[in-house]
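# Reading the structure
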Number of protein chains: 2
Amino acid sequence: MTKRIVVIGGDATGMSAASTALRHAGHGALEVVVLERGHYTSYSACGIPYWIAGDVASRDELIARTPEQHREAGIDLRMRTEATAIDLDKRSVSVRGVDDGDTYELGYDELVIATGAVPTVPPLEGSEAEGIFGVQSLEQGEQIVKDLGDGDRRRAVVVGAGYIGVEMAEAMVTRGLETTIIDQAPEPFTQVDPDMGALIHEAMEGMGITVLTGVSVDGFDVGEDGRVRAVRAGDTVLPADIVIIGLGVKPNASLAADAGLTIGASGGITTDVRMQAAPGVWAGGDCVEVHHRLSGKPVHIALGTHANKHGRIIGTNVAGGYGAFPGVIGTAISKVCSLEIGRTGLGESEADAAGFGYVTATVESTTTAGYWPGAEMMTVKVLAEQRTGRLLGAQIVGREGSAKRIDVFATAIWNGMTVEEMTFMDLSYAPPFSPVWDAVLVAARKAAKEVQAAVPASPV
Amino acid sequence: MTKRIVVIGGDATGMSAASTALRHAGHGALEVVVLERGHYTSYSACGIPYWIAGDVASRDELIARTPEQHREAGIDLRMRTEATAIDLDKRSVSVRGVDDGDTYELGYDELVIATGAVPTVPPLEGSEAEGIFGVQSLEQGEQIVKDLGDGDRRRAVVVGAGYIGVEMAEAMVTRGLETTIIDQAPEPFTQVDPDMGALIHEAMEGMGITVLTGVSVDGFDVGEDGRVRAVRAGDTVLPADIVIIGLGVKPNASLAADAGLTIGASGGITTDVRMQAAPGVWAGGDCVEVHHRLSGKPVHIALGTHANKHGRIIGTNVAGGYGAFPGVIGTAISKVCSLEIGRTGLGESEADAAGFGYVTATVESTTTAGYWPGAEMMTVKVLAEQRTGRLLGAQIVGREGSAKRIDVFATAIWNGMTVEEMTFMDLSYAPPFSPVWDAVLVAARKAAKEVQAAVPASPV
């Protein structure tokens, strides 16, 4: 008998689950229905800032697979269609057409919840004004591109200096706008420690971006035409022709919560290692929380790479295979003009919150042999557990060719390596690729020294 | 009492051992004498091809530290001075001035042998002719640069298509010479498997280099002026205005052998994990053999990064500290014009020789998101042990931004990871740095499938 899989959400997790399930299952064994509220499927939300900046030529390049392509693969894809309720007992989803308002019930054998995330929008005066945009969906990206083309936009203010914020600040300054980025934290990019954030601060100012930190936004001044005119932050009034909100996202888990599924402290749906939230109900991507391998705590990390992994695991499981998600260690990477930022594991505040005692070591190195003409600078910071020397985290801020090294640290953390064990690892060397001592090894060695220095001569 | 350390050889291992020892030891505790036969200390031999190509502006940039700088650091550095014999019982070295022929005996408390490697030179007719060069020392690099400037050199032939060979072929073609590279193996660059070597072959031809493989050199035609005129290989006569020999190197261990130290099957001096060859006698760098962590066998791998590690370990040990070399896994990286090549672990022939049963998987991917304007292609090949799925090796051939990923595989091998364990590792993702599934993960996943497929349903 054909089993029906219903998937709510047609982006990374949902479509990856749908296609993986169909690929795994024998012909005719599965009926896969995907409900997608918007106009697009399988697009790279992470690419939106680069499209707006002009690095990526057109919107269509961000679309990995169109609705038509998914349908050709045998998926019953229903666009502009949303799920309004889930009945776990009846194994049924209430469905509504976004445009026509038609409703119906859709029974399922297995349900996949891939409802993604929604932007964090603070309740600020004037936040509904025209000219204020989030950067969460392709539709929003289109609105920004259209808005920038519509009139003479000279001054941009970006609220929030996380991934999306700094990438959008790059996009705005690349398009020639006078750009200010504002964040309440002492330094931008709190995904890294403040000492590393200070390097990003300095580099962004070098790119002509005004960086205001330690300042909260109080509201927006709106013109008579209903369009934003300025951002108010304490005593400061920042004139703005366009405002981008980049304050992060939170799990879009209300549908799941209403159905009675368990929601964790992070706001994300909780699942088991196979991404199962309840018998026959699977959830993945930006709407779930996942296990952090270092802190041992559940965390919400909205990233396309996790969303795709979840989709593949869920697709394997609903087709009768075995897939399990091993958790995350918080690896991420970003680019702001010529600056690269990588991080993995725990930062200082995260290590503190998890209760770790640790040492830190920061080194400067070059991406290649120092004498190589393309040599670029980078700063590498490492956190290691005191006593054991176990690598807890690493952060890289540098120029072109630096940040992808974060994957070496990520692999080391994944395996529970100590910084001492890393010191003489056999990493690749040739003058165009690194100094004889790669920055990873130099940082590990310095951290190992700090671990030694922190051990009392006669431990009690 | 002051202990005297005598170091034979003033390049990476020797000078690193000398300076590390002085840094570790208290003031006046050590007298460090270094004997160096040549004119230079602490230079990057790996950088020579890039200097000849013009990527690196001048010879001096390759010199990390001059003799004067070492002397200022308190090292008794004796240039143009060679050791002619070691007496282990008397703890004494026979020393000779290269220029003046003066000889003397020099007693030591601890001896460091860092005599490096010598190029493999086949006994071929005409190989002593002018215009035929090795690329082992800075002196040889100078001779090549001078020779290229001296006359109208239009045709270069490079003998041997390993690291130095392909890098020198790049240098020659970059300088505008009509360049042919010749090797007896079926494909160039036997440090990777023939299927990956075929990609290098094709790319080099795309750069305008003529690649002749499966052909042995028989000798050289020499003109009446004593200068090379052609390379003879079977029926082929290759006219040549300059010939570069890049046939690899072998350990320069004769001094150690004559003194009665143990020489391994690879030709390198054998040491313990602390790089001690005999009580009070240490050896490191290109003249020793080291432990391969996968095959369990001693190997000779001449690389600046290992030489520097050995130097640091020896310096720590002779100063009374503790340093141990954990062995190698054969990681290496190279660049030929816009092509990057990385390898780690075992290739197929090495895995065969070690007795492993294994599966392979090869994937193509991009360095960035496919839609990113700088996206470059790469091919990744992975070897995994059958049954266990343990990662045994990886090879990357690709364009800019691809090959440094080899360090992720190296770290995974170092930790004994299986390809299955690697499949969902938390590696960094953002469009300018990788697709949502980094090439490392895609290759691991495909290899994991091969491992599964190779396991019989009912293992005996």
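Per an unreviewed UniProt entry, chain A goes by the name FAD-dependent oxidoreductase and belongs to Actinomycetospora chibensis. What the UniProt record of chain A gives under Sequence similarities (unreviewed entry) is the line "Belongs to the class-III pyridine nucleotide-disulfide oxidoreductase family." Under Cofactor (unreviewed entry), UniProt gives the following word-for-word description of chain A: "FAD".

All right, on to the relation of the copies chain A and chain B then. One copy of the chain maps onto the second through a rotation around an axis plus a translation along that axis. You can overlay chain A on chain B at an RMSD of 0.0 Å; the transform is a turn of 180 degrees with a shift of 0.0 Å along its axis. What the superposition gives is, in effect, a two-fold axis relating one chain to the other. Closest to the rotation axis within chain A is the C-alpha of valine 408 of chain A, separated from it by 2.5 Å. A share of 100% of interface residues in chain A that are also interface residues in chain B marks the association as one of identical surfaces.

As a further point, take the nonpolar core. A general feature of soluble globular proteins is that nonpolar side chains tend to end up buried together. Ile113 and Phe409 of chain A together with Ile113 and Phe409 of chain B are the most contacted members of the largest nonpolar core, which totals 174 residues. Those residues in contact with isoleucine 113 of chain A, other than ones at most four positions away along the chain, are Ile8, Ile86, Ala256, Leu261, Ile269, Val281, Trp282, Ala283, Gly284 and Cys287 of chain A. The next biggest cluster of nonpolar side chains, apart from the first, holds 45 residues, and it includes Leu177 and Val397 of chain A together with Tyr371 and Tyr429 of chain B.

What follows concerns the sheet that holds strand β4 (residues 81-87) of chain B. All names here are of chain B. Spatial ordering of the open sheet is given by β4-β5-β6, a layout of three strands whose pairing is antiparallel. Strands with a single pairing partner mark the edges of an open sheet, and in this sheet they are β4 and β6 (103-107). Averaged over neighbouring strand pairs, the angle between their axes works out to 30 degrees when direction is ignored. As defined by bridge partners, β4 adjoins strand β5 (residues 92-97) across six bridges and the pair is classed as antiparallel. The partner of threonine 81 across the bridge, within β5, is glycine 97.

With 58 residues of chain A in contact, the opposing surface of chain B contributes 59 residues. Together chain A and chain B conceal approximately 5200 Å² of surface at their shared face, both sides included; 66% is due to carbon and sulfur atoms. Contact with chain B buries surface across chain A, with Tyr371, Phe424 and Asp426 of chain A losing the most and accounting together for 16% of the total. Connecting chain A to chain B are two salt bridges. For the salt bridge of lysine 404 of chain A with aspartate 438 of chain B, the shortest nitrogen-to-oxygen distance reads 2.8 Å. Of all the elements in the fold, those that place two or more residues in the side of chain A that touches chain B are α8 (304-318), β22 (332-336), α10 (406-414) and α12 (439-454) of chain A. Here the residues of the side of chain A that touches chain B are counted per class, giving 32 nonpolar, 13 polar and 13 charged.

Okay, the environment of glycine 284 of chain A next. Residue and element names in this part refer to chain A. Inspection of the secondary structure assignment puts glycine 284 in the loop between β19 (281-283) and β20 (290-291). For glycine 284 and glycine 116, which are 168 residues apart along the polypeptide, the C-alpha to C-alpha distance reads 8.3 Å. Those residues in contact with glycine 284, other than ones at most four positions away along the chain, are Thr13, Ile113, Ala114, Met275, His310 and Ile314.

For the rest of this paragraph, the subject is the side chain of glutamate 385 of chain B. Residue and element names in this part refer to chain B. In this fold, glutamate 385 is placed in strand β25 (residues 377-385). Taking the relative accessible area as the measure of exposure, glutamate 385 reaches 18% and is therefore buried. For glutamate 385, the side chain forms a polar contact with the side chain of threonine 388, separated by 2.8 Å. Excluding residues within four positions of it along the chain, glutamate 385 makes contact with Phe356, Gly357, Tyr358, Arg390, Leu392 and Val451.

Moving on, we get to the UniProt feature "domain: FAD/NAD(P)-binding" (unreviewed entry) in chain A. According to UniProt, the feature "domain: FAD/NAD(P)-binding" (unreviewed entry) maps to residues 4-298 of chain A in the numbering used here. Segment residues 4-298 of chain A splits into 23% helix and 30% strand. End C-alpha atoms: 31 Å apart.

Further remarks concern unusual backbone geometry. Residue and element names in this part refer to chain B. Unusually for a residue other than glycine, arginine 80 sits at a positive phi of about 50 degrees. Here arginine 80 is to be found in the loop between β3 (76-79) and β4. Judged by relative accessible area, which is 23%, arginine 80 ranks as partly exposed.

Our next topic: the domain arrangement of chain A. Residue and element names in this part refer to chain A. Split into domains, chain A comes out as domain 1 (3-118 + 250-318), domain 2 (121-247) and domain 3 (332-454). Using C-alpha coordinates to define each centre, domain 1 is positioned 30 Å away from domain 2. Contacts between the two partners involve 18 residues from domain 1 and, on the opposite side, 18 residues from domain 2. Summed over both partners, the interface of domain 1 with domain 2 buries about 1400 Å², with 66% contributed by carbon and sulfur atoms. Remark: the boundary between domain 1 and domain 2 carries one salt bridge. A salt bridge links arginine 59 to glutamate 142; its shortest N-O distance comes to 2.5 Å. Every element with two or more residues in the side of domain 1 that touches domain 2 is listed here: α2 (48-53) and β8 (117-119). Of the residues contributing to the side of domain 1 that touches domain 2, the split by class is 14 nonpolar, two polar and two charged.

Let us look at the UniProt feature "domain: Pyridine nucleotide-disulphide oxidoreductase dimerisation" (unreviewed entry) in chain A. Within this structure's numbering, the places UniProt gives as "domain: Pyridine nucleotide-disulphide oxidoreductase dimerisation" (unreviewed entry) are residues 334-436 of chain A. A distance of 26 Å separates the end C-alpha atoms of residues 334-436 of chain A, which is 19% helix and 35% strand.

What follows covers the packing of helix α1 (residues 12-24) of chain B against helix α8 (residues 304-318) of chain B. All names here are of chain B. The interhelical angle for the contact between α1 and α8, taken along N-to-C directions, is 35 degrees, at an axis separation of 7 Å. Considering how the two elements wind past one another, α1 and α8 form a crossing that is right-handed. Here Ala12, Thr13, Ser16, Ala17, Thr20, Ala21, Arg23 and His24 of α1 come into contact with α8, specifically with Ala307, Asn308, His310, Gly311, Arg312, Ile314, Gly315, Thr316 and Val318. Its residues assigned to classes, the contact of α1 with α8 comprises six nonpolar, nine polar and two charged.

This next bit is on empty space enclosed by the protein. Residue and element names in this part refer to chain A. The tally for this structure, following the rule as stated, stands at one cavity of 30 Å³ or more. Considering only enclosed or pocket space, the largest cavity measures out at about 30 Å³ in volume. Surrounding the largest cavity, Gly285, Val288, Val290, Val299, Ile301, His306 and His310 form its lining. In terms of residue class, the lining of the largest cavity is made up of four nonpolar, three polar and no charged.

So, on to the sheet that holds strand β13 (residues 219-222) of chain B. Residue and element names in this part refer to chain B. With respect to topology, three strands assemble into an open sheet ordered β13-β14-β15, the strand pairing being antiparallel. Edge positions in the sheet fall to β13 and β15 (236-239), since each has one partner strand and no second. Averaged over all adjacent pairs, the angle separating strand axes in this sheet is 30 degrees, with direction ignored. Relative to β15, strand β14 (residues 228-233) runs antiparallel, the two being bridged by four bridges. For alanine 230, the partnering residue across the bridge sits in β15 and is proline 239.

Looking now at the state of the cysteines. For the structure shown, the criterion picks out zero disulfides over all chains. Note on cysteine 46 of chain A: no disulfide assigned, nearest cysteine sulfur contributed by cysteine 287 of chain A at a separation of 16 Å. You can call cysteine 46 of chain A partly exposed: its relative accessible area is 22%. Not engaged in a disulfide, the cysteine cysteine 337 of chain B finds its nearest cysteine sulfur in cysteine 46 of chain B; these two sulfurs lie 18 Å apart.

For the rest of this paragraph, the subject is the pairing of strand β26 (residues 391-398) of chain A. Residue and element names in this part refer to chain A. Burial within β26 is extensive, with eight of its eight residues counted as buried. With seven bridges joining them, strand β25 (residues 377-385) and β26 adopt antiparallel strand pairing. Among the inter-strand pairings, lysine 381 is bridged to a residue of β26, identified as glutamine 395. Hairpin remark: β25 followed by β26, antiparallel, with five residues in the connecting loop; positive phi at arginine 387, about 70 degrees.

About the thresholds
Residues numbered from 1 in each chain as written. Chains lettered and ligands numbered in written order. Predicted model: local features only at pLDDT ≥ 70, side-chain atom pairs only at ≥ 80, totals over all residues. Heavy atoms only, no water. UniProt positions renumbered as here; feature names shortened; annotations may be inferred. Least-squares fit on C-alpha atoms with pLDDT ≥ 70 in both. Contact = heavy atoms within 4.5 Å. Core = buried A, V, L, I, M, F, W, Y, C linked by side-chain atoms within 4.5 Å. Buried < 20%, exposed > 50% of the residue type's maximum accessible area, 1.4 Å probe, protein only. Pairing = 2+ DSSP bridges. Helix = DSSP H or I, 4+ residues; strand = E, 2+ residues; numbered from the N terminus. Axes fitted to C-alpha atoms, helices over the stretch in contact; angles between N-to-C directions. Buried area = accessible area lost by both parts, 1.4 Å probe. Salt bridge = Lys/Arg side-chain N within 4 Å of Asp/Glu carboxyl O. Nonpolar A, V, L, I, M, F, W, Y, C, P; charged D, E, K, R; others polar. Polar contact = N/O pair within 3.5 Å; in protein donor to acceptor, adjacent residues only side chain to side chain. Domains from an automatic or database assignment. Left-handed = near helix turned anticlockwise from the far one by under 90°. 1 Å grid on protein atoms, 1.4 Å probe; cavity = no way out; pocket = protein on both sides within 12 Å on 5 of 7 lines; lining within 4 Å. Points joined across faces, edges and corners; volume = space filled by probe spheres on them. Disulfide = S-S within 2.5 Å.

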